[in-house]
Amino acid sequence: MSAADIASRVRAGELDPIVVTEKALARFEERNPVVHAYLDLDREDALQRAAAVSERVSRGEDPGQLAGVPISLKDNIAVAGATLTAGSRILQGYRSPYDAHVTERLVAEGAVLFGRTNLDEFAMGASTENSGFAPSRNPWDRKRVPGGSSGGSAAAVGAGIVPVALGSETGGSIRQPAALCGVTGFKPTYGSVSRRGLVAFGSSLDQIGPLAATAEDAALVFDVITGHDPGDATTTTGKRPSAFLAPTSVEGLRIGIPEEFLDPSVDPHILAQVDQATDLLSEAGAITKVVPAGGLAHANLSIPVYYLVSSSEACSNLARFDGMRYGPRHDDGDLLDAYLATRAGHFGAEVQRRILLGTFALSAGYYDAWYKKALQVRRLVSDEFTTLFKEYDLLAGPTSPVGAFKLGERTDDPYAMYLCDLLTAPACLGGFPSVSVPCGLARKGPYKGLPVGLQLVGRPGEDHVVLAAARAFEAIRGEPERPVVYSAAE
Ligand code: GLN
């Protein structure tokens, strides 16, 4: 059942949130051993939260827009008293003393927090294979990755355990796993969702957003979590349009398909599905047009720019993990030994690589050549999008150049893993809202029978336009196929 259906039935007193949670727990028991989506789940806590919502209904109160909806949070989003490992051994055993802003918003609207989902360590990765614990599996084929870094959230929703989950994105970590697991993933405009209580990776890029079985549910959750927070100075003030405001028709919408999104490195069978999707959009009245090469002339530099900027910010953000305030500590020897041993012993290889890269890019003598240059190119990429947005309401293309690849396929080659962000990193660099919506299964090739995502990117602040287009596409496309693990027990 969708989140929207659960909430409306719970609000009407027709459905008991405890029953909803018990069903989600049963699906968790059955399917989590297949997909390993969760790092932790406190069953009692979930049931107590459901009981609290149930009591509100029986007192005649309205529990809110997400009444009784079980929702899973990536384990880098704070929930008071719950684990907050960020997928890292350096935070093993740590529990958050407070709720993130998004957590407060969800609870205020009657959501039932349901477990902590797996991720690549500190959200650095594209497969969950960098998790300090164990990788998650793709619900369509457990020998394959669910994508990352929000792979646990995508696998939980893809396997039908919960209708919605929250993820976080810095360069593609919501949209890419959503595409690989056949669910909708939405990265909001930078500044529209508070980052207070999100473990920081690249602060100028990070955003929290929903992964959901339907675009409608993604919009519902976005509406709840968006808004100004005095605790995050980068959140925008003022009233924002509801995700349900824009008409769910694509009639007259100008959709550009930049040549650069149709890069030759994109799997041709993924391109074929996306082609079909944009045809559907134009049949439904959208004005679709291929934007000739050169429109996004610098987009191909997004990968080096993204890795330089995000690693530079990460090396500063991760300096706080030294064993003194959080998590385990090695404290033999003097203070410096304790720092070195704790960090060397508990950060995984990829996190160490990023810290080294960031430290190098920011160091005296190299700063101008690397970090400053990266910021300049970031600006160029962003400006090119802004220019295209004068002519187009949305830009469309594939979400990911590849489908769900096999576990281990890219672990020996960090650069091959980085290339997964080719098509998602640009929207992060410019702070643009962007969604990935399932658009069928690849018909042939290495990803045959696996989900493909259609990506739509919009103007900053036009989250509602992006979400409305996703909902319209969903209506045109019809019910997506679901993996066996999902349907077997429905
Ligand atoms: N795959 C990218 C990385 O490893 C994106 C991660 C993210 O968006 N958090 O940095």
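What you are looking at is a predicted structure, and each value in this text was computed from that prediction instead of being measured.

> Hey, could you go over the overall build of the protein for me, with residue numbers and the actual values?
Regarding its fold elements, the protein presents 16 helices and 11 strands. Over its C-alpha trace the protein gives a radius of gyration of 21 Å, about what one expects of a compact globule, namely 23 Å for 490 residues. Seen along its three principal axes, the alpha-carbon backbone of the protein occupies a region of about 60 × 55 × 45 Å. Sorting the 490 residues of the protein into buried and exposed places 60% on the buried side. Sequence separation of 24 or more characterises 77% of the internal contacts of the protein that already satisfy a separation of 6 or more.

> Give a description of the site of the ligand that names residues and reports values.
What surrounds the ligand is a group of 15 residues, the closest being Thr170, Gly171, Ser173, Tyr306 and Arg354. Between glycine 171 and the ligand, the recorded distance is 2.6 Å, taken from a backbone N or O atom to an oxygen atom. One of the backbone N or O atoms of glycine 172 is found 3.2 Å from an oxygen atom in the ligand. Starting from 290 Å² of accessible surface for the ligand in isolation, the protein chains cover 99%. Residue classes in the shell around the ligand are distributed as six nonpolar, six polar and three charged.

> So what's going on with the sheet that holds strand E1 (residues 38-40)? Which residues, and what values?
Sheet architecture is open: 11 strands sit in the order E1-E3-E2-E4-E6-E5-E10-E11-E9-E7-E8, paired in mixed fashion. Where the open sheet ends on each side, the last strands, each with one partner, are E1 and strand E8 (287-291). In this sheet, neighbouring strand axes are inclined to one another by 30° on average, regardless of whether the strands run parallel or antiparallel. As defined by bridge partners, strand E7 (residues 254-258) adjoins E8 across five bridges and the pair is classed as parallel. Bridge assignment links arginine 254 to a residue of E8, and that residue is isoleucine 287. The sheet strands contacting helix H8 (residues 268-283) are E7, E8, strand E9 (394-398), strand E10 (434-441) and strand E11 (451-458), and the helix crosses E11 at an angle near 55°.

> Describe in detail the packing of helix H2 (residues 17-35) against helix H3 (residues 43-58), supporting the description with residues and values.
Direction vectors running N to C along H2 and H3 enclose 160°, while the axes themselves pass 8 Å from each other. The angle between H2 and H3 places the two elements in the roughly antiparallel class. The interaxial crossing formed by H2 with H3 has right-handed handedness. Contact residues: Pro17, Ile18, Thr21, Glu22, Leu25, Phe28 and Glu29 in H2; Arg43, Ala46, Leu47, Ala50, Ala51, Val53 and Ser54 in H3.

> Any details on the environment of arginine 27? Residues and values, ideally.
With respect to the element layout, arginine 27 can be found in helix H2. Along the primary structure arginine 27 and serine 131 are separated by 104 residues, whereas in three dimensions their C-alpha atoms are 23 Å apart. Side-chain polar atoms of arginine 27 contact the backbone oxygen of glycine 160, separated by 2.9 Å.

> Quick one: what's the story with the pattern of salt bridges, residue by residue and with numbers?
Taken as a whole and judged by the stated rule, the model has 20 salt bridges. With a closest N to O distance of 3.2 Å, aspartate 393 and arginine 254 form a salt bridge. Here aspartate 393 is found in the loop between helix H12 (368-391) and E9, whereas its partner arginine 254 is found in strand E7, with 139 residues between them in sequence. Exposure remark for aspartate 393: the relative accessible area of 13% places this residue in the buried category. Among the charged side chains, a salt-bridge network with shared partners connects Arg254, Asp393, Arg459 and Glu462.

> Break down the packing of aromatic side chains for me, with residues and values.
Summed over all chains, the structure comprises 16 aromatic pairs. Aromatic side chains phenylalanine 261 and phenylalanine 385 sit 6.4 Å apart centroid to centroid with 45° between the ring planes, which places their arrangement in the tilted category. You can see phenylalanine 261 sitting in the loop between E7 and H8 and its partner phenylalanine 385 sitting in helix H12, a full 124 residues away along the chain. Accessibility classification places phenylalanine 261 together with phenylalanine 385 in one group, the buried group. Plain terms: the ring middles of tyrosine 367 and tyrosine 371 are 5.4 Å apart, the flat faces sit at 50° to each other, and that makes the pair tilted. Taken together, Tyr94, Phe122, Phe321, Tyr326 and Phe347 form an aromatic cluster joined through their ring pairs. One residue, arginine 410, lies across the ring of phenylalanine 405, its end atom 4.9 Å from the ring centre.

> Describe the state of the cysteines, with residues and values.
Summed over the entire model, instances satisfying the criterion amount to zero disulfides. Free of any disulfide, cysteine 181 has its nearest neighbouring cysteine sulfur in cysteine 420, separated by 13 Å. Using a relative accessible area of 1% as the deciding quantity, one classes cysteine 181 as buried. Free cysteine: cysteine 315, not disulfide-bonded; nearest cysteine sulfur from cysteine 428 at 19 Å.

> Please set out a nonpolar patch on the surface residue by residue, giving values where relevant.
On the surface, a nonpolar cluster with roughly 300 Å² of combined accessible area is contributed by Phe360, Tyr366 and Trp370. Tracing the sequence through the fold places tryptophan 370 in helix H12. Judged by its relative accessible area of 39%, tryptophan 370 falls in the partly exposed class.

> Explain the pairing of strand E4 (residues 164-169) to me, using residue names and the numbers behind them.
Most of E4 is tucked away: six of the six residues are buried. Along E4, one buried face is formed by Val164, Leu166 and Ser168 and the opposite face, lined by Ala165, Gly167 and Glu169, is buried too. The pairing of strand E2 (residues 70-74) with E4 spans three bridges and is parallel. Among the inter-strand pairings, isoleucine 71 is bridged to a residue of E4, identified as valine 164. With six bridges connecting them, E4 and strand E6 (residues 207-212) associate as antiparallel partners.

> Please give an account of H2 that cites residues and values.
With 19 residues, H2 should cover 27 Å at 1.5 Å per step; its first-to-last C-alpha distance of 25 Å lies within 8% of that length. Of all bends in H2, the biggest is about 40°, found at glutamate 29, and the proline proline 33 comes one to four residues later. Among the residues of H2, the N-terminal cap falls to aspartate 16, whose side-chain oxygen and the backbone nitrogen of isoleucine 18 are separated by 3.0 Å. Following H2 by one or two positions, histidine 36 has its phi on the positive side, about 45°.

> Provide a residue-level description of the pairing of E10, including the pertinent values.
For E10, the buried fraction is high: seven of the eight residues fall into the buried class. Pairing of strand E5 (residues 184-187) with E10 involves three bridges; the strand directions are antiparallel. Within the sheet, the bridge partner assigned to glycine 185 lies in E10 and is serine 436. Strand direction decides the pairing type here: E10 and E11, joined by six bridges, are antiparallel. Looking at the pairing, proline 438 lines up with glycine 453 of E11.

Reading the values: the criteria
- Residues numbered from 1 in each chain as written.
- Predicted model: local features only at pLDDT ≥ 70, side-chain atom pairs only at ≥ 80, totals over all residues.
- Heavy atoms only, no water.
- Helix = DSSP H or I, 4+ residues; strand = E, 2+ residues; numbered from the N terminus.
- Rg over C-alpha atoms; globule rule 2.2 N^0.38 Å.
- Buried < 20%, exposed > 50% of the residue type's maximum accessible area, 1.4 Å probe, protein only.
- Contact = heavy atoms within 4.5 Å.
- Near = heavy atom within 4 Å.
- Polar contact = N/O pair within 3.5 Å; in protein donor to acceptor, adjacent residues only side chain to side chain.
- Areas by Shrake-Rupley, 256 points an atom, 1.4 Å probe, with all protein chains shown as cover.
- Nonpolar A, V, L, I, M, F, W, Y, C, P; charged D, E, K, R; others polar.
- Pairing = 2+ DSSP bridges.
- Axes fitted to C-alpha atoms, helices over the stretch in contact; angles between N-to-C directions.
- Parallel < 35°, antiparallel > 145°, perpendicular 65-115°, else oblique.
- Left-handed = near helix turned anticlockwise from the far one by under 90°.
- Salt bridge = Lys/Arg side-chain N within 4 Å of Asp/Glu carboxyl O.
- Phe/Tyr/Trp six-rings, centres within 6.5 Å; stacked < 30°, edge-to-face > 60°.
- Lys NZ or Arg CZ within 6 Å of the ring centre and 35° of its normal.
- Disulfide = S-S within 2.5 Å.
- Patch = residues over 30% accessible without salt bridge, like charges linked within 9 Å, V, L, I, M, F, W, Y side chains within 5 Å.
- Expected span 1.5 Å × (residues − 1).
- Bend = angle between axes of the 7 residues up to and from the residue.

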